[in-house]
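Descriptive structure summary
What follows is the residue order along each chain.
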Amino acid sequence: MPKHHFVIENKSRVNENMYTSYSWDSHGNIHKSGLKSEFYAALEDEFIAYIYDSLRWLDTWNPSTCMRCSGLNNCGITVIEEQDALLKFHKLIQAWIDLFSYATDPIVLTGSYCVDGEEQKGYYETLAYNKVELINELHKLANMAKHAEINGKCIVHFGI
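The present account deals with the structure reproduced in this document. (Residues numbered from 1 in each chain as written. Predicted model: local features only at pLDDT ≥ 70, side-chain atom pairs only at ≥ 80, totals over all residues. Heavy atoms only, no water.)

1. A few points about helix 2 (residues 83-100)
Here is the rule we go by: Secondary structure elements follow DSSP: runs of H or I of four or more residues count as helices, runs of E of two or more count as strands, with numbering from the N terminus. By this rule the span expected of a helix is its residue count minus one, scaled by 1.5 Å. Each residue is assigned to one of three classes by its accessible area relative to the maximum for its type, calculated with a 1.4 Å probe on protein chains only: buried under 20%, partly exposed between the two thresholds, exposed over 50%. The arc in question is the one spanned by the directions pointing from the helix axis to the C-beta atoms.
For helix 2, built from 18 residues, the straight-helix expectation of 26 Å at 1.5 Å per residue is met to within 8% by its first-to-last C-alpha distance of 26 Å. Listed as buried for helix 2 are A85, L86, F89, H90, L92, I93, W96, I97 and F100. Down the axis of helix 2, the smallest arc covering the buried residues is 165°, so these residues share one side. Residues of helix 2 that are exposed and point more than 90 degrees away from the buried face comprise Q83, D84, K91 and L99.

2. Re the environment of I80
Our working definition: Any pair of residues with heavy atoms lying within 4.5 Å of one another is described as a contacting pair.
Of note, I80 is situated in strand 7 (residues 77-80). Taking the C-alpha atoms as reference points, I80 and I160, 80 residues apart in sequence, are found 17 Å from one another. Ignoring sequence-local partners within four residues, the contact set of I80 consists of L58, T60, L72, A85, L86, F89, C154 and I155.

3. Here we look at the pairing of strand 4 (residues 40-44)
In plain terms, the rule: For two strands to be treated as a pair, DSSP must find at least two bridges joining them.
Counting buried positions along strand 4 gives 4 out of 5 residues, so the element sits mostly inside the fold. Judged from the 5 bridges that link them, strand 1 (residues 3-9) and strand 4 form a sheet pairing that is antiparallel. Within strand 4, the residue paired with H4 across the bridge is L43.

4. What to know about the side chain of N62
Basically, it comes down to this: Definition of a polar contact: a pair of N or O atoms within 3.5 Å, with one able to donate and the other able to accept a hydrogen when the atoms are protein atoms, and with sequence-neighbouring residues admitted only if both atoms are side-chain atoms.
In this fold, N62 is placed in strand 5 (residues 59-62). The class for N62 is buried, based on a relative accessible area of 10%. Polar side-chain contacts of N62 include one of 2.8 Å to the backbone nitrogen of S64. Not counting chain neighbours up to four residues away, the residues in contact with N62 comprise M67, C69, N73 and I77.

5. Focus on the pattern of salt bridges
Here is the rule we go by: Here, a salt bridge means any Lys or Arg side-chain nitrogen found within 4 Å of an Asp or Glu carboxyl oxygen.
Enumeration according to the criterion identifies 6 salt bridges in this entry. Two residues, K140 and E137, come together in a salt bridge whose shortest N-O distance is 4.0 Å. In this pair, K140 and E137 both sit in helix 3 (residues 131-151), 3 residues apart, roughly one turn of the helix. Of the residues examined, K140 reaches a relative accessible area of 24% and is grouped as partly exposed. The salt bridge involving E149 is made with K146; its shortest N-O contact spans 3.5 Å.

Structure (structure tokens):
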């Protein structure tokens, strides 16, 4: 299952070729010399799609096009660098954490609408997540946003 990766990075190191300093293993885990686990988070593509509308409220930057944008670049790099955007990102993720804390385990969400090729019947995907694991990863991401805001760093998002 494809994942979106988030890392804390120094603003001075962000450019259109920064992805070359990272690598991914056969399990989809990201690697970079000196990358600490508390400065890295990953969320499944289907989950990002579920919360995507709220992420569009973020002012971001696309280093590939050198353009300001809203939300995450689904298939490329996005940078969340402005202090107010990092604060908003922290609060948005915290709001999702608060909401999911009321969910049962596993957390079951409605995914994308699909059509069965043979029978031409439509249905919605069912997304199921371990509650503790999902909330822990979201906590890590919220903490990363807060750390980046306080320390003058940025969050770099690698889309699928």
